[in-house]
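# Structural features, examined
Chain residues, written in single-letter form:
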Amino acid sequence: MNVSELLSDHTVRVVVLGSAMIGAVSGAMGCFAYLRRQSLIGDVVSHSALLGIVMAFWIVYLLTGQGNRSLVVLMPGAFLAGLASLLLTRSVVRSTRLKEDASLGVMLAIFFGSGMMLLRYLQRGSPPIPGRSGLDQYLFGMAAAMTRADLWMIGVVGAGVLTVMSLAWSRLKIITFDQDYAAGLGLRVDLLEVVLLALIVMGIVIGLQIAGVVLMISLLVAPAASARQWTYSLGRMVCLAATIGGVSAGLGGVISSIGRSLPTGPIIVLLVTLVFVVSVVCAPRRGFISRWQRGRQIHVD
Amino acid sequence: MSELDSHDVAIRCENLTVTYGAEPVLWNVDAEIPRRGITGIIGPNGAGKSTLIKSVLGIVPVTAGDTQVLGSHGGPLQGDTIGYVPQRSTVDWDFPTSVFDVVMMGTYGKLRWFQRPGKLQRDETHRALEFVGMEAFGKRQISELSGGQQQRVFLARAFVQEPSVYLMDEPFAGVDAKSESSLFEILRKLSDEGATVVMVHHDLIRARDYFDYVLLLNRRLIAQGTTEDALTPANLEKCYGLESDSILIEAKH
């Protein structure tokens, strides 16, 4: 089967398009996490989101008697749990002597631990909940399970995130660069901070279906870290990271549908990691080769 | 100590107490900083100098007491009241942005949240860069600046706000002597044009030349007044403790 035949296949088209949108959104939001030196919140949010996913599934089952695994149901749960883990981390840091890394670790343990417990309970409980099989695909991601409705959800949420990002661009830029100064200007830094965290959390939970809670951090951080190597303005960095994320994820979708039993999530992760390695080695000025050459020149001079 | 007339006061702190955890950083500070002129906030490391500035800006929670800037009480400040110049080391100078963009951030306070800076803001930015002598560096990456140049960029960013009060946190830290004196010339010019310049300073050398007015701070207010009156060996010893002999000798020059 050649690529054009492949792309005319309905399921493949949904997966490729959905993955590309996810890659672009999480790539863009990853830049802010990366520049705030908060890349690791990606790991905490994605793991914490598992609790929100199974809670949402459970609540909807209790209300309707039916299990529903569509993103429209699960994504709000994932978002709330992910954001809650970050806001709780902040209040722990402010009200105790715990440092940020330790607080993040504690939140990850609490949220992911309870998420795993509830997941196993729902999966093994009897009578079996209809529609429960496949709930654990959120651990490692399962792009092939993407439906048309999921695609719409991803598109709407992704467009919303990017729209808010571009509208509030100046504000997000200044609180990422210099929060104290922004507060001194009279800007409402606390509110802006929650908005930015909410956008980053969206950029993470949107991708859980393809990358899963374990691999999601690489989809957030690798495009941003790669883009930083090549560009010197925040705007270009965000555009480039979105492109790297989008193209890698789309390509990952294509590759996984060519080969049999190739998982989409890990392929996408390997692709963005490849881009990252190339960027670190080859980028002009910041790249390893360029710096090594300059170092040698200074030596010769 | 001279009592100032209330309309001559730029910044007033009343019984200001700030604690981090259980540890008091500022204890019952009653201070007045006059309008116009250059005021130095002087004291050893850990004396709460930066905290004093930050409580005036309203960016650290105040445990007790009150601060006023130009007669209006603490709370959300207007963008054109205070031009804050934070310590250089508080930001990531490897951030992907240009000198021009950083200076233009000074205009953001007057823009709505969805607005982007336009021609007016760009013109103001050019003027500010010119004022600090950095107009040739607008397109430069901020990672390519020297310490003194970074400090000028921060000063230009505050200048764009056209504030009445400049609050500066250690503007001369890590800046070579030549840059320091040219920076100080700029500050003198601002003060001559009617602005109030307040800076945290921990180095006593040249304090006598720099400041019209000083606050000596070591968690508590040790002394305040004109440099002549307040920067006395006795006050310095109270502020810096026993090891201040060498500092005193230097300060006398």
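Rules behind the numbers
Residues numbered from 1 in each chain as written. Chains lettered and ligands numbered in written order. Predicted model: local features only at pLDDT ≥ 70, side-chain atom pairs only at ≥ 80, totals over all residues. Helix = DSSP H or I, 4+ residues; strand = E, 2+ residues; numbered from the N terminus. Contact = placed C-beta atoms within 7 Å. Rg over C-alpha atoms; globule rule 2.2 N^0.38 Å. Axes fitted to C-alpha atoms, helices over the stretch in contact; angles between N-to-C directions. Parallel < 35°, antiparallel > 145°, perpendicular 65-115°, else oblique. Left-handed = near helix turned anticlockwise from the far one by under 90°. Nonpolar A, V, L, I, M, F, W, Y, C, P; charged D, E, K, R; others polar. Buried ≥ 20, exposed ≤ 12 C-beta atoms within 10 Å, placed from the backbone. Expected span 1.5 Å × (residues − 1). Pairing = 2+ DSSP bridges. pLDDT = per-residue confidence, 0-100.

## What about the overall build of chain B?
Per the secondary structure count, chain B includes nine helices and ten strands. In chain B, 69% of the contacts between residues at least 6 apart in sequence involve partners at least 24 apart.

## As for the overall build of chain A
A count of helices and strands for chain A gives 14 helices and zero strands. Each helix and strand of chain A, placed in order from N terminus to C terminus, yields the pattern α-α-α-α-α-α-α-α-α-α-α-α-α-α. For a compact globule of 301 residues, the expected C-alpha radius of gyration is about 19 Å, and chain A comes in at 20 Å, within 12% of that figure. For chain A, restricting intrachain contacts to residue pairs at least 6 apart in sequence, the fraction spanning at least 24 positions comes to 76%.

## Remarks on the packing of helix H11 (residues 208-230) of chain A against helix H13 (residues 264-282) of chain A
When two helices pack together, you describe them by how their axes are tilted relative to each other and by the distance separating the axes. Residues and elements named next belong to chain A. Across the interface, H11 lies against H13 with an axial gap of 9 Å and an inter-helix angle of 20 degrees. Classified by the angle their axes make, H11 and H13 are roughly parallel. The two elements H11 and H13 cross, and the hand of that crossing is left-handed. Between H11 and H13, the residues in contact are Ile-210, Ala-211, Gly-212, Leu-215, Ser-218, Leu-219, Ala-222, Pro-223, Ala-225, Ser-226, Gln-229 and Trp-230 and Thr-264, Gly-265, Pro-266, Ile-268, Val-269, Val-272, Thr-273, Val-275, Phe-276, Ser-279 and Val-280, respectively. For the contact of H11 with H13, the per-class residue count stands at 15 nonpolar, eight polar and no charged.

## Quick look at the interface of chain A and chain B
Counting from both sides, the interface comprises 23 residues of chain A and, opposite them, 25 residues of chain B. Those elements giving two or more residues to the side of chain A that touches chain B turn out to be helix H8 (169-177), helix H9 (179-184) and helix H12 (234-258) of chain A. Of all the elements, H8 of chain A adds the most residues to the side of chain A that touches chain B, at five residues. Residues that form the side of chain A that touches chain B fall into these classes: 13 nonpolar, five polar and five charged.

## Section: unusual backbone geometry
With the exception of glycine, the majority of residues adopt a negative phi angle, and the majority of peptide bonds are in the trans configuration. One non-glycine residue with positive phi stands out, namely Arg-285 of chain A, at about 70 degrees. Locating Arg-285 of chain A in the fold gives a position in the loop between H13 and helix H14 (288-300). The class of Arg-285 of chain A is exposed, set by 11 C-beta atoms lying within 10 Å. With a phi close to 50 degrees, Glu-162 of chain B is a non-glycine residue in the positive phi region. Tracing the chain through its elements places Glu-162 of chain B in the loop between helix H4 (147-160) and strand S7 (165-169). Using a count of 15 C-beta atoms within 10 Å as the deciding quantity, one classes Glu-162 of chain B as partly exposed.

## A word on helix H5 (residues 100-124) of chain A
Given 3.6 residues per helical turn, the α-helix brings residues three or four places apart onto the same face. An ideal rise of 1.5 Å per residue puts 36 Å on 25 residues; H5 of chain A measures up with 36 Å between its terminal C-alpha atoms. Of all the residues in H5 of chain A, the buried ones are Ser-103, Leu-104, Met-107, Leu-108, Phe-111, Phe-112, Gly-115 and Leu-119 of chain A.

## Concerning the sheet that holds strand S6 (residues 82-85) of chain B
Residues and elements named next belong to chain B. Strand order in the open sheet made by the six strands is S6-S7-S8-S3-S9-S10, with mixed pairing throughout. Each edge of the open sheet carries a strand with a single partner, namely S6 and strand S10 (220-226). For this sheet, the mean inter-axis angle between neighbouring strands, taken without regard to orientation, is 15 degrees. Direction of pairing for S6 relative to S7: parallel, over a ladder of four bridges. Paired with Val-85 across the two strands is Met-168, which belongs to S7. Strand contacts of H4: S6 and S7, with the helix running at about 165 degrees to S6, the strand carrying the most contacts. Here helix H5 (residues 177-192) sits on the sheet and contacts strand S3 (38-42), S7 and strand S8 (196-201); the angle it forms with S8, its principal contact strand, is near 145 degrees.

## A look at helix H1 (residues 49-57) of chain B
Counting buried residues in H1 of chain B gives eight out of nine residues, a clear majority hidden from the surface. Remark: Gly-58 of chain B follows H1 of chain B within two positions and exhibits a positive phi of approximately 80 degrees.

## Remarks on the environment of Leu-74 of chain A
Residues and elements named next belong to chain A. Mapped onto the fold, Leu-74 is located in helix H4 (residues 71-95). Using a count of 26 C-beta atoms within 10 Å as the deciding quantity, one classes Leu-74 as buried. A C-alpha to C-alpha distance of 31 Å links Leu-74 and Lys-173, two positions 99 residues apart in sequence.

## Side note on the confidence of the model for chain A
On average, residues of chain A score 92 in pLDDT, and 98% of them are at 70 or above. Across chain A, the element-wise mean pLDDT spans from 74 in helix H1 (residues 3-8) of chain A up to 97 in H8 of chain A.

## Considerations on the packing of helix H3 (residues 119-131) of chain B against H4 of chain B
All names here are of chain B. H4 packs onto H3 with a crossing angle of 135 degrees between their chain directions and a minimal axis gap of 9 Å. Between H3 and H4, the interaxial angle falls into the category oblique. Every pair of crossing elements has a handedness; the one defined by H3 and H4 is right-handed. In this structure, H3 uses Glu-124, Thr-125, Ala-128, Leu-129 and Phe-131 to contact H4, whose residues at the interface are Ala-156, Phe-159 and Val-160. Partitioning the contact of H3 with H4 into residue classes produces six nonpolar, one polar and one charged.

## Some remarks on the confidence of the model for chain B
Low-pLDDT stretches of the model should not have their predicted coordinates read in fine detail. All names here are of chain B. Within chain B, residue pLDDT values average 88, and 90% of them lie at 70 or more. Considering each helix and strand of chain B separately, the mean pLDDT is smallest for helix H9 (residues 245-252), with a value of 52, and largest for helix H2 (residues 99-104), with 97. As a predicted assembly, this complex carries a pTM of 0.91 together with an ipTM value of 0.90.

## Considerations on the environment of Glu-32 of chain B
Position of Glu-32 of chain B among the secondary structure elements: in strand S2 (residues 23-34). The class for Glu-32 of chain B is buried, based on 22 C-beta atoms found within 10 Å.

## Focus on the pairing of S8 of chain B
Residues and elements named next belong to chain B. The buried count for S8 comes to six of six residues, which makes it a mostly enclosed element. Side chains Thr-196, Val-198 and Val-200 of S8 all project onto a buried face; the interleaved residues Val-197, Met-199 and His-201 project onto the opposite face, where all are buried too. Across five bridges, the pairing between S3 and S8 is parallel. When the bridges of S8 are listed, Ile-42 appears paired with His-201. Sheet topology note: the S7/S8 ladder contains five bridges and is parallel. Opposite Val-165, over in S8, you have Thr-196 as the bridge partner.

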